[in-house]
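# Descriptive analysis of the structure
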Amino acid sequence: MATERTLSILKPDCVERGLIGKVLAVFEEKGLKPVAMRLTHLSQAEAEGFYAVHRERPFFKDLVKFMTSGPVVVQVLEGDNAVAKNREIMGATNPANAAPGTIRKLFAQSIERNTVHGSDSVDNAKVEVAYFFRSTEQHGYEWKR
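Okay, so let's go over this structure. (Residues numbered from 1 in each chain as written. Predicted model: local features only at pLDDT ≥ 70, side-chain atom pairs only at ≥ 80, totals over all residues. Heavy atoms only, no water.)

## Looking at the sheet that holds strand β2 (residues 33-40)
Sheet architecture is open: 4 strands sit in the order β2-β3-β1-β4, paired in antiparallel fashion. Every other strand in the sheet has two partners, leaving β2 and β4 (116-118) as the edge strands with one partner each. Pairwise comparison of adjacent strand axes, ignoring direction, gives a mean angle of 20 degrees for this sheet. Its contacts with the sheet put helix α5 (residues 82-90) on β1 (3-10), β3 (72-80) and β4, and the angle it makes with β1 is roughly 35 degrees. (Pairing = 2+ DSSP bridges. Helix = DSSP H or I, 4+ residues; strand = E, 2+ residues; numbered from the N terminus. Axes fitted to C-alpha atoms, helices over the stretch in contact; angles between N-to-C directions. Contact = heavy atoms within 4.5 Å.)

## Quick word on the nonpolar core
Counting residues in hydrophobic clusters, the biggest one holds 19 residues, and the most contacted among them are L7, I9, Y51, M67, F132 and F133. Looking at this core, the elements with two or more residues in it are β1, β2, α3 (44-50), α4 (60-67), β3 and α7 (122-132). When near neighbours in sequence (up to four residues on either side) are disregarded, Y51 contacts I9, K11, F60, L63, M67 and H117. Judged by nonpolar contacts, the second largest core, of 16 residues, contains L10, C14, L19 and V73. (Core = buried A, V, L, I, M, F, W, Y, C linked by side-chain atoms within 4.5 Å. Buried < 20%, exposed > 50% of the residue type's maximum accessible area, 1.4 Å probe, protein only.)

## Quick notes on unusual backbone geometry
Among all residues save glycine, negative phi is the norm, and among peptide bonds the norm is trans. Despite not being glycine, N81 has its phi angle at roughly 50 degrees, a positive value. Within the fold, N81 resides in the loop between β3 and α5. Here the phi dihedral of T115 falls at roughly 75 degrees; this positive angle occurs in a residue that is not glycine. By the element assignment, T115 lies in the loop between α6 (103-107) and β4.

Listed below in structure tokens is the structure:
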């Protein structure tokens, strides 16, 4: 298996409801380790830039409004096949369709307030991680003693 890094965002509904620790515990229990993490409040420009791929979609304005409505946790998760594993752990975008035990089944309130974002491909993960973190802000677990 390949060790990868992927971007994960704990969305405003997650932060607002005090679920940061619970969601992070699910990732860690399933083998994904945070190697960079920051609590931030996205500006409109940051949210529009990050979600630019959706600019022409009808939900774009509502998505940007939601993602700027409160603080988020942006983090880089590392592990074997991290991108696919993260997608599996998060569950379907619509929590009604998410598998039991997934983050969205456990914690999401709706398709809009679905707790987490995760990169959808290895290539997008690299772009998304770089959007929020410099390489010097990412720390592995292989420290020299």
